[in-house]
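Descriptive structure summary
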Amino acid sequence: MENNLGRCFNADDTVVDLIENDYNVLTVLSRFSLPLGFGEKSIGELCEEAGINTECFLLIINYISSGKIDSKYLSEVCPTDITYFLRNSHDYYLNYKLPHIRSNLVDALDESQRSINPMIIRFFDDYVNLVKKHFAYEENIVFPYIDSLTHGSKGNYNIDVFRRNHDYEIEEKLSELKNIILRYYSTSQPSKMYDALADIYNCEEDLTSHANIENHILIPMIERIEGRV
Ligand SMILES: [Fe+2]
Ligand SMILES: [Fe+2]
């Protein structure tokens, strides 16, 4: 999703300009639970109304649309604002995006492929289980550690453990699923399967962007704080 070409935005730019510049930010707005109906609202006004830290919002949005990370914001933004966004993102994937893709995938299955269909659904469900496990580790171990770190207590964890183990097992599983469909699945209703595939590719890209926010924004932020505590 990061394209390294997009422009960077500030608090005075309008939300509509932001979206028109790169519609990929729509999923970010959705994960911040921001309501539609923006009118001429600026990014700063929107964040203030929604009770979201504007610098945190700009840090994430600008990273997604330009690939750039403003180091000024990196030291100014509170990591718990980032973990709030990441938790919301987990909720969005598990309770909205992935169930939505699963139901499109089930709908795209063809009766004539009875021998492959259960395998496709099993691969998808295995994939979702891996995603759940990955998110649960972050929510039960990493984010609580970050909470306590921001309150001044170091505890017995270290963000380097997360950095070394933040793996890509999830993406491999999804590649296996895409391969089966692309190579072996012929269907009488290809449009539905093309749609389901596009959803899967989209979600994969989105999850990579999510992992990049953790790797390139959250981890460096915590490393700075660990150096001070
Ligand atoms: Fe995450
Ligand atoms: Fe992650």
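The structure under discussion appears in the preceding block.
The structure reproduced in this document is the subject of the present report.

1. A word on the nonpolar core
- Core analysis: the largest hydrophobic core is formed by 43 residues, its most contacted members being Phe 32, Phe 57, Ile 60 and Ile 82.
- Broken down by element, this core gets its largest block of residues, eight residues, from helix H4 (residues 54-66).
- In this structure, Ile 60 is in contact with Val 28, Phe 32, Ile 82, Phe 85, Ile 213 and Ile 217, ignoring residues within four places of it in sequence.
- Ranked by size, the runner-up nonpolar core spans 28 residues in total, among them Leu 98, Ile 121, Tyr 127 and Val 128.

2. Some thoughts on the layout of surface pockets
- Put simply, the largest pocket is a space of about 200 Å³.
- Taken together, eleven residues line the largest pocket, and the ones lying closest to its centre are Lys 133, His 134, Tyr 137, Asn 165 and Asp 167.
- At the level of secondary structure, the elements contributing two or more residues to the lining of the largest pocket comprise helix H7 (117-150), helix H8 (159-165) and helix H9 (169-184).
- Per element, the largest residue contribution to the lining of the largest pocket is five residues, and it comes from H7.
- Partitioned by chemical class, the residues of the lining of the largest pocket number four nonpolar, three polar and four charged.

3. Quick look at empty space enclosed by the protein
- Within the structure shown, the criterion is met by one cavity of 30 Å³ or more.
- Size it by volume and the largest cavity reaches roughly 120 Å³.
- His 134, Ile 170, Glu 171, Leu 207 and Ala 211 are, among the 13 residues lining the largest cavity, the residues nearest its centre.
- For the lining of the largest cavity, the elements supplying multiple residues, two or more each, are H7, H9 and helix H10 (190-228).
- In terms of residue count, the dominant contributor to the lining of the largest cavity is H10 (six residues).
- Classifying every residue of the lining of the largest cavity gives six nonpolar, three polar and four charged.

Conventions and cut-offs
- Residues numbered from 1 in each chain as written.
- Chains lettered and ligands numbered in written order.
- Predicted model: local features only at pLDDT ≥ 70, side-chain atom pairs only at ≥ 80, totals over all residues.
- Heavy atoms only, no water.
- Core = buried A, V, L, I, M, F, W, Y, C linked by side-chain atoms within 4.5 Å.
- Buried < 20%, exposed > 50% of the residue type's maximum accessible area, 1.4 Å probe, protein only.
- Helix = DSSP H or I, 4+ residues; strand = E, 2+ residues; numbered from the N terminus.
- Contact = heavy atoms within 4.5 Å.
- 1 Å grid on protein atoms, 1.4 Å probe; cavity = no way out; pocket = protein on both sides within 12 Å on 5 of 7 lines; lining within 4 Å.
- Points joined across faces, edges and corners; volume = space filled by probe spheres on them.
- Nonpolar A, V, L, I, M, F, W, Y, C, P; charged D, E, K, R; others polar.

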